[in-house]
Amino acid sequence: MPTATATDALTDPERQFLGCLMQLPARPARRLLAGMRAADFTGGMAAHVLQLAIEVVAAEHTPAPVTLYTHAIATGQAPGEKRREWLSGWLTDAFRDAPPPELADHLKAVLLETAWRRALLAHARRIEQAVSGSPTEVLRELADDTAAVDELWTRYQAATTANPTHLEVAA
């Protein structure tokens, strides 16, 4: 399992977003998580923690590190001593090194834009691979099948146009 470095705290928007999220009460965290999916993240632990946060907030609990950790244990999402140790260390570091929660909306937009660009690139690669040997009917269908890309674009646009005047830190 890879070990996070001190630089990750400053350069990894997934980790920064989750650190911000862990500072929020349930209601503002729910608003922030609207439109987010664990699949939007590339980091394995970050995606796992985001999924834990989505589940915890859906149950109307605050996504504090201890809540995420106990939820992971209770639901069997952190099996084994090593996995629990790794999760607790990751949560602690992300929370400790988090930027102010006021940056969460900006980080959400950054993450959704990045996810949209990845989806667009994956779609372009599928088309590129199909161009040389696929029948034209298959190519036409592939070219028109942009549902995943369009869905991410919609979520990204929602994140950039929501522009809240302030982040509710108090519940």
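All values reported here derive from a predicted model rather than from experimental measurement.

### A word on the overall build of the protein
- The helix and strand inventory of the protein stands at 9 helices and 0 strands.
- Shown N-terminal to C-terminal, the secondary structure of the protein runs as helices and strands in the order α-α-α-α-α-α-α-α-α.
- A sequence separation of at least 24 residues applies to 68% of the contacts in the protein between residues at least 6 apart.
- By element, 57% of the accessible surface of the protein is carried by carbon and sulfur atoms, the whole surface being about 9500 Å².

### Some thoughts on the nonpolar core
- Counting residues in hydrophobic clusters, the biggest one holds 40 residues, and the most contacted among them are F17, L18, F41, V49, L68, L87 and W90.
- Secondary-structure elements contributing two or more residues to this core are α2 (13-21), α3 (26-33), α4 (44-58), α5 (65-74), α6 (81-96), α7 (104-131) and α9 (147-162).
- Among the elements that line this core, the one with the most residues is α4, at 9 residues.
- Leave out the neighbours within four places in its chain, and L68 touches M22, V49, L52, A53, V56, P63 and L91.

### Concerning α3
- Of all the residues in α3, the buried ones are A26, P28, A29, L32 and L33. Taken around the axis of α3, the buried residues stretch over an arc of 165°, which confines them to a single face.
- Of the surrounding secondary structure, the elements contacted by the buried residues of α3 are α2, α4 and α7.
- Just downstream of α3, G35 is the residue with a positive phi angle, here 85°.

### Observations regarding the packing of α4 against α6
- In the contact formed by α4 and α6, the axes pass within 11 Å of each other and the chain directions differ by 80°. As far as their axial angle goes, α6 and α4 are roughly perpendicular. Here M45, A46, H48, V49 and L52 of α4 lie close against α6, whose contacting residues are R83, W86, L87, W90 and L91.
- Partitioning the contact of α4 with α6 into residue classes produces 8 nonpolar, 1 polar and 1 charged.

### Some details on the pattern of salt bridges
- Enumeration over the complete set of coordinates arrives at 9 salt bridges.
- In this structure, R155 and E151 form a salt bridge, with 2.7 Å as the shortest nitrogen-oxygen distance. With R155 and E151 both in helix α9 and 4 residues apart, this pair spans about one turn of that helix.
- The exposure class of R155 is buried, given its relative accessible area of 10%.

### As for the environment of R96
- Following the sequence through the fold, R96 ends up in helix α6.
- Residue class for R96 comes out exposed when judged on its relative accessible area of 54%.
- C-alpha separation for the pair R96 and G19, spaced 77 residues apart in sequence, amounts to 7.6 Å.
- At a separation of 3.1 Å, a polar atom in the side chain of R96 contacts the side chain of D93.

### A word on the packing of aromatic side chains
- Within the structure shown, the criterion is met by 3 aromatic pairs.
- Seen from their ring centres, W116 and W153 are 4.8 Å apart, and the 55° between their planes marks the pair as tilted. With W116 in helix α7 and W153 in helix α9, this residue pair connects regions lying 37 residues apart in the sequence.
- One aromatic cluster in this structure is built from W116, W153 and Y156.

Definitions and limits used
- Residues numbered from 1 in each chain as written.
- Predicted model: local features only at pLDDT ≥ 70, side-chain atom pairs only at ≥ 80, totals over all residues.
- Heavy atoms only, no water.
- Helix = DSSP H or I, 4+ residues; strand = E, 2+ residues; numbered from the N terminus.
- Contact = heavy atoms within 4.5 Å.
- Areas by Shrake-Rupley, 256 points an atom, 1.4 Å probe, with all protein chains shown as cover.
- Core = buried A, V, L, I, M, F, W, Y, C linked by side-chain atoms within 4.5 Å.
- Buried < 20%, exposed > 50% of the residue type's maximum accessible area, 1.4 Å probe, protein only.
- Arc of directions from axis to C-beta.
- Axes fitted to C-alpha atoms, helices over the stretch in contact; angles between N-to-C directions.
- Parallel < 35°, antiparallel > 145°, perpendicular 65-115°, else oblique.
- Nonpolar A, V, L, I, M, F, W, Y, C, P; charged D, E, K, R; others polar.
- Salt bridge = Lys/Arg side-chain N within 4 Å of Asp/Glu carboxyl O.
- Polar contact = N/O pair within 3.5 Å; in protein donor to acceptor, adjacent residues only side chain to side chain.
- Phe/Tyr/Trp six-rings, centres within 6.5 Å; stacked < 30°, edge-to-face > 60°.

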